[in-house]
Amino acid sequence: MSTWGERAHRAAEALDMEAIEATDPEDVWYGFREGAAWQREQLPADESVERAARVLNKAGWTCMDATHEPGRYDDCHYCRGICLALARTALTAATGDQS
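Parameters at a glance
- Residues numbered from 1 in each chain as written.
- Predicted model: local features only at pLDDT ≥ 70, side-chain atom pairs only at ≥ 80, totals over all residues.
- Heavy atoms only, no water.
- Core = buried A, V, L, I, M, F, W, Y, C linked by side-chain atoms within 4.5 Å.
- Buried < 20%, exposed > 50% of the residue type's maximum accessible area, 1.4 Å probe, protein only.
- Helix = DSSP H or I, 4+ residues; strand = E, 2+ residues; numbered from the N terminus.
- Contact = heavy atoms within 4.5 Å.
- pLDDT = per-residue confidence, 0-100.

1. Quick look at the nonpolar core
- If you look at the biggest cluster of nonpolar residues, it comprises six residues: Val-49, Ala-53, Tyr-73, Cys-83, Ala-87 and Leu-91.
- In terms of residues, this core owes the most to one element, helix α4 (residues 77–94), which gives three residues.
- Once you skip the residues sitting within four places of it in the chain, Val-49 turns out to touch Leu-43, Pro-44, Leu-84, Ala-87, Arg-88 and Leu-91.

Have a look at this one:
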């Protein structure tokens with residue numbers, strides 16, 4: 001998997017944006033706005049939520065059954081469900097979208 005920066009750069013290229021190399025302030029501002037919009041759209045995407053859920057599980061969030069150690073995300077669908085719900089809620093709140 002590529003880094004977030006590489007993915008953002010590819011998305012900018014797909015939109016035919018060259019704001020990284022632009023010197024015109026209007027072009028730079030347009031590129032910044034479009035890049036920020038792209039990043040906001042990516043946060044609630046399934047891949048981002050999954051990565052955040054795995055991090056939450058490693059940090060100690062489990063199904064609270066006391067039989068699952070943190071980091072055993074793939075072993076328990078309850079752990080996954082809780083972590084996915086927490087991750088989706090947090091990432092949605094981070095974008096300011098409360099829908």
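2. Details of the confidence of the model for the protein
- For the protein, per-residue confidence averages 76 on the pLDDT scale, and residues scoring 70 or more make up 73% of the total.
- Mean pLDDT per element in the protein: helix α1 (residues 4–14) is the minimum at 70, and helix α3 (residues 46–58) is the maximum at 90.

3. Side note on the environment of Met-64
- Within the secondary structure layout, Met-64 lies in the loop between α3 and α4.
- For Met-64, a relative accessible area of 55% puts it in the exposed group.
- Taking the C-alpha atoms as reference points, Met-64 and Tyr-78, separated by 14 residues in sequence, lie 9.1 Å from one another.

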